[in-house]
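Below are the chains, spelled out letter by letter.
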Amino acid sequence: MSGNAAAIAEAGAPAPTPGRGIRRIRVPQKLRNLELFLLVIVCAVNAFAVVLVQFGALGAADIGTIITLGAGLSVLVIGMHIALRFVATNADPFILPIAALLNGIGIAMIYRIDIAENLTGWESTAVRQVVWTGLAVAIAIIVILVIRNHRVLQRYTYVAMLVAAILLLLPMLPGIGQEIYGARVWIHIGAFSFQPGEVAKIALAVFFAGYLVSRRDSLSMVGRTVLGMRFPRARDLGPILVLWALSMSIIIFQRDLGTALLYFGLFVVMIYVATGRASWVVLGVGLFLAGAVIAGQVLVYVNDRFTNWLDAFNPDIYNADGGSYQLVQGLFGLANGGLIGTGLGQGRPDITPLAQSDYIIASIGEELGLAGMFAILALYLLFIARGFRISFAGQDDFGRLLGVGLSFTVALQCFIVIGGVTRVIPLTGLTTPFLAAGGSSLVANWIIVALLLRLSDTVRNQPRLVI
Amino acid sequence: MSELTLLILQLAFLALLWVFIFIVVYAMRSDLFGQRVRKLKDGAPATAGAGAGAGAGAAASPGANPAAMAAAAAAGTAAAGGAAPAAPPPPAPKVPTFVPAPGTELSGPPRATTANASRLVITSGTKSGSEIPLGTEPLTIGRSSDSSVVIRDDYTSTHHARLMIWGDEWVIQDLDSTNGTFLDGNRVTAPVHIPLNTTIRIGATSFELRR
């Protein structure tokens, strides 16, 4: 500021020179360089994990496997980083490294279970996981290249609803639907099996965001006040009842408690964020608890889950078919791990059934201990916090709601799985985001990564003026 | 591979994991502790009374301490007839309700729309005279570096206000800011339409939407 008088003269002038005084503080590649720095650390940690598994379980390092498992993921995420340098310069620098680290630790852990079960080549779950990761990251890159502005998604609000409905119904089709461990949530085409419900959660988040942006006034403004809380009118209860019916039919027909809880929880949180009325949360939680209690009385498999949870250490239930054996083995594994764990490759996580998918968090807890488990939880916390932060800083309501919805699905999924494994809530089958073996979950979560990166780029990429 | 080596490697791995986490947390520290406040320099007066519109009487004498300047600002608003309480509202980030305010300046200048307003001009404050082009996108104002208009002074909240587009008309909404947003001297409590060439004041900065 050269002088105050000059400034006053300028303010009074009818038309100052256009654009004068706008300081571009956008330093284009600063965020990307931070991301690259973090990614280099992540790649080192991932390779270190695979080496430790080999030292612990085999006693020597095998360079070929390290290159396949470690370098595969590294090349992919660096590829995504390069794509971001061109199409999303201002995207958040933390999301990609955190997702890559979780994915890499997951691959190392799955590889460790493969060693215990003597699986090699294409039989090996770890190799398949790397291939799925490649596919998932490639899809994420395509998403970030194709969707240049997230508001495009708002146009497809009702198309997203239709897509979600079709994806949810696919496993019920007789030809391609498949029942695994009692839950009918898989489709099977050729050698591939896929869980369409994982991708449906993204379509549902898009639909809820688009729908609630246009309808939230009627959902939030009217209603009568009971006990200091404003409850909605009976005629506005339609959407929440439809969603409740959908979750209940998932529990009854697809026999999948976790997915039902995930979808319903997603809707309740998004309607709460859109309207700011706590009464929706009270209504939603009440409806779901009522439904779950009734399902526990009527449906045998739900009742079994409750019994396994409440009375896990009863020998009868422990030894029963479909009893609490898996749950209790997971807890024994966690106890065996202690504070710093048995060391990668030196525990016995393979005793627990499904140690590489549903129980991967128990396997990690055994071999990395409480310190490692908390590190994983801290990574999830940072990831979800970034997601909320991006949506908080957003300018348009659709983007804000979408960001909240997408990050909350990750949060809720972590809670449902990790809470189930650690016996906080009844165990339900869902995948741990980024960690667990399973292609559909990886694809869905990497799409979430791509959408959050796109949202964060839009937030920062706007005309700016710093005073 | 001896047990001791494996133990050391295991500890090194855990340490590396946590080092990564702390690097990330350190890099995002402004999220945890808020944006740094830039103190106004003693030599440069924050505002000049020559700002267009009413109520911008917060002329601070050089060398005044921030408290005195805040008091001066409050006095200025009271003099302008604004019904602004001096006590700051709690900064709880609750979702604002969308009550369309009654049209106040119907007889005054026409409302700013995306068609007739093309720029936002700062009329008083340290960056007086500078401007920012208006597009068809909403803008946010605050101390946070995510904002479109970043105002780093003692009076601005992290997320202070936002300019939205309803239909094609510009609307200003106060985001529960501590010191308030003033449209033509009146405190903005609910989203309100912005007339063209009318002063909006946030802390020591005023701006207008112009053709």
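Residues numbered from 1 in each chain as written. Chains lettered and ligands numbered in written order. Predicted model: local features only at pLDDT ≥ 70, side-chain atom pairs only at ≥ 80, totals over all residues. Heavy atoms only, no water.

1. Notes on the overall build of chain A
Logical step 1: Looking only at helices and strands, one finds 17 helices and six strands in chain A.
Logical step 2: A total of 467 residues make up chain A; the buried ones form 55% of that total.
Logical step 3: Long-range pairs, those at least 24 residues apart, make up 73% of the contacts in chain A with a sequence separation of at least 6.
Logical step 4: Accessible surface for chain A amounts to roughly 18,700 Å². Of this, 67% is attributable to carbon and sulfur atoms. (Helix = DSSP H or I, 4+ residues; strand = E, 2+ residues; numbered from the N terminus. Buried < 20%, exposed > 50% of the residue type's maximum accessible area, 1.4 Å probe, protein only. Contact = heavy atoms within 4.5 Å. Areas by Shrake-Rupley, 256 points an atom, 1.4 Å probe, with all protein chains shown as cover.)

2. So, the nonpolar core
Logical step 1: In terms of nonpolar packing, the biggest core is built from 149 residues, with Phe383 and Trp446 of chain A touching the most fellow members.
Logical step 2: When residues no more than four places from it in sequence are discounted, the contact partners of phenylalanine 383 of chain A are Ile95, Ile98, Ala99, Val410, Phe434, Val449 and Leu452 of chain A.
Logical step 3: With 24 residues, the next largest nonpolar core counts Ala117, Leu139, Ile141 and Val188 of chain B among its residues. (Core = buried A, V, L, I, M, F, W, Y, C linked by side-chain atoms within 4.5 Å.)

3. Considering the sheet that holds strand S2 (residues 131-133) of chain B
The strands that make up a sheet are held in pairs by hydrogen bonds between backbone atoms, and each pair lies either parallel or antiparallel.
All names here are of chain B.
Logical step 1: Here six strands make up an open sheet; going across it, the order is S2-S1-S11-S10-S7-S8 and the pairing antiparallel. The open sheet terminates on both sides in strands that have one partner only, identified here as S2 and strand S8 (186-187).
Logical step 2: Bridging between strand S7 (residues 181-183) and S8 involves two bridges; their strand directions are antiparallel. Its bridge partner being in S8, phenylalanine 182 is matched across the sheet by arginine 187. (Pairing = 2+ DSSP bridges.)

4. What to know about a nonpolar patch on the surface
Residue and element names in this part refer to chain A.
Logical step 1: Judged by side-chain polarity, Val152, Tyr156, Val159 and Val163 come together as a nonpolar surface patch covering roughly 310 Å² of accessible area.
Logical step 2: The residue valine 163 is located in helix H7 (residues 157-169) in this model.
Logical step 3: Under the relative-accessibility criterion, valine 163 is labelled partly exposed at 39%. (Patch = residues over 30% accessible without salt bridge, like charges linked within 9 Å, V, L, I, M, F, W, Y side chains within 5 Å. Salt bridge = Lys/Arg side-chain N within 4 Å of Asp/Glu carboxyl O.)

5. Let's talk about unusual backbone geometry
All names here are of chain A.
Logical step 1: Its identity as a non-glycine residue notwithstanding, leucine 354 has a phi of 55 degrees, on the positive side.
Logical step 2: Note that leucine 354 resides in the loop between helix H14 (325-337) and helix H15 (360-393).
Logical step 3: Take leucine 354: its relative accessible area is 24%, and that puts it in the partly exposed class.
Logical step 4: The backbone of arginine 423 shows a phi angle near 65 degrees, a positive value even though the residue is not glycine.
Logical step 5: With respect to the secondary-structure elements, arginine 423 resides in the loop between helix H16 (397-421) and helix H17 (439-460).
Logical step 6: For arginine 423, a relative accessible area of 28% gives the class partly exposed.

6. A word on H7 of chain A
Residue and element names in this part refer to chain A.
Logical step 1: Given a rise of 1.5 Å per residue, 13 residues ought to cover 18 Å, and the 19 Å separating the end C-alpha atoms of H7 matches this to within 8%.
Logical step 2: Every buried residue of H7 is listed here: Thr157, Ala160, Ala164, Leu167 and Leu168. Projected down its long axis, H7 carries its buried residues within an arc of 95 degrees, all on one side. Exposed residues lying more than 90 degrees from the buried face of H7 are Tyr158, Leu162 and Leu169.
Logical step 3: Taken together, the buried residues of H7 touch helix H6 (152-155), helix H8 (196-220), helix H9 (238-254) and helix H10 (257-275). (Expected span 1.5 Å × (residues − 1). Arc of directions from axis to C-beta.)

7. Focus on the side chain of lysine 201 of chain A
All names here are of chain A.
Logical step 1: Checked against the element boundaries, lysine 201 lands in helix H8.
Logical step 2: Side chain to side chain, lysine 201 and glutamine 413 meet in a polar contact 2.6 Å long.
Logical step 3: Lysine 201 has contacts with Leu262, Tyr263, Leu266, Thr409, Gln413, Ala444, Asn445 and Ile448, leaving out every residue within four places of it along the chain. (Polar contact = N/O pair within 3.5 Å; in protein donor to acceptor, adjacent residues only side chain to side chain.)

8. Re the sheet that holds strand S3 (residues 139-142) of chain B
Logical step 1: The six strands are arranged S6(A)-S4(B)-S3(B)-S5(B)-S6(B)-S9(B) in an open sheet whose pairing can be described as mixed. Of all strands in the sheet, those with a lone pairing partner are strand S6 (465-466) of chain A together with strand S9 (192-193) of chain B, marking the two edges.
Logical step 2: Inspection of the sheet shows S3 of chain B paired to strand S5 (residues 161-166) of chain B by three bridges, in the antiparallel sense. Paired with isoleucine 141 of chain B across the bridge in S5 of chain B is alanine 161 of chain B.

9. A look at the environment of glycine 203 of chain B
Residues and elements named next belong to chain B.
Logical step 1: For glycine 203, the location among the structural elements is in the loop between strand S10 (200-202) and strand S11 (205-210).
Logical step 2: Judged by relative accessible area, which is 10%, glycine 203 ranks as buried.
Logical step 3: Residues glycine 203 and serine 147 lie 56 residues apart in sequence; the distance between their C-alpha atoms is 16 Å.

10. Looking at the side chain of glutamine 356 of chain A
Logical step 1: Among the structural elements, glutamine 356 of chain A can be located in the loop between H14 and H15.
Logical step 2: Apart from residues no more than four positions distant in its own chain, glutamine 356 of chain A is found in contact with Ile110, Ile113, Thr125, Ala436 and Ala437 of chain A.

11. So, the pattern of salt bridges
Close approach of charged atoms allows side chains of opposite charge to pair.
All names here are of chain A.
Logical step 1: According to the stated counting rule, one finds 11 salt bridges over all chains in the structure shown.
Logical step 2: The partner of arginine 112 in a salt bridge is glutamate 367, with the nearest N and O atoms 2.7 Å apart. A residue pair is termed long-range when its members are at least 10 positions apart, and arginine 112 in helix H4 (residues 95-116) and glutamate 367 in helix H15 qualify at 255 residues.
Logical step 3: We classify glutamate 367 as buried; its relative accessible area is 0%.
Logical step 4: For lysine 201, the salt bridge is made with glutamate 198, and the minimal N-O distance between the two is 3.2 Å. Taken as a pair, lysine 201 and glutamate 198 lie in helix H8 at a separation of three residues, close to a single helical turn.

12. Let's talk about the packing of aromatic side chains
Logical step 1: Under the counting rule described, the total for this entry stands at 12 aromatic pairs over all chains.
Logical step 2: Judged by centre distance (5.6 Å) and plane angle (80 degrees), the rings of phenylalanine 48 of chain A and phenylalanine 13 of chain B are edge-to-face. Pair noted here: phenylalanine 48 of chain A is in helix H2 (residues 30-57) and phenylalanine 13 of chain B is in helix H1 (residues 3-27), and the two residues belong to different chains.
Logical step 3: Centre to centre, the rings of phenylalanine 207 of chain A and phenylalanine 208 of chain A are 5.7 Å apart; their planes meet at 50 degrees, and the pair counts as tilted. Residues phenylalanine 207 of chain A and phenylalanine 208 of chain A agree in their burial class; the two are buried.
Logical step 4: Clustering of aromatic rings is evident, with ring pairs tying together Tyr158, Phe207, Phe208, Tyr211 and Phe267 of chain A. (Phe/Tyr/Trp six-rings, centres within 6.5 Å; stacked < 30°, edge-to-face > 60°.)

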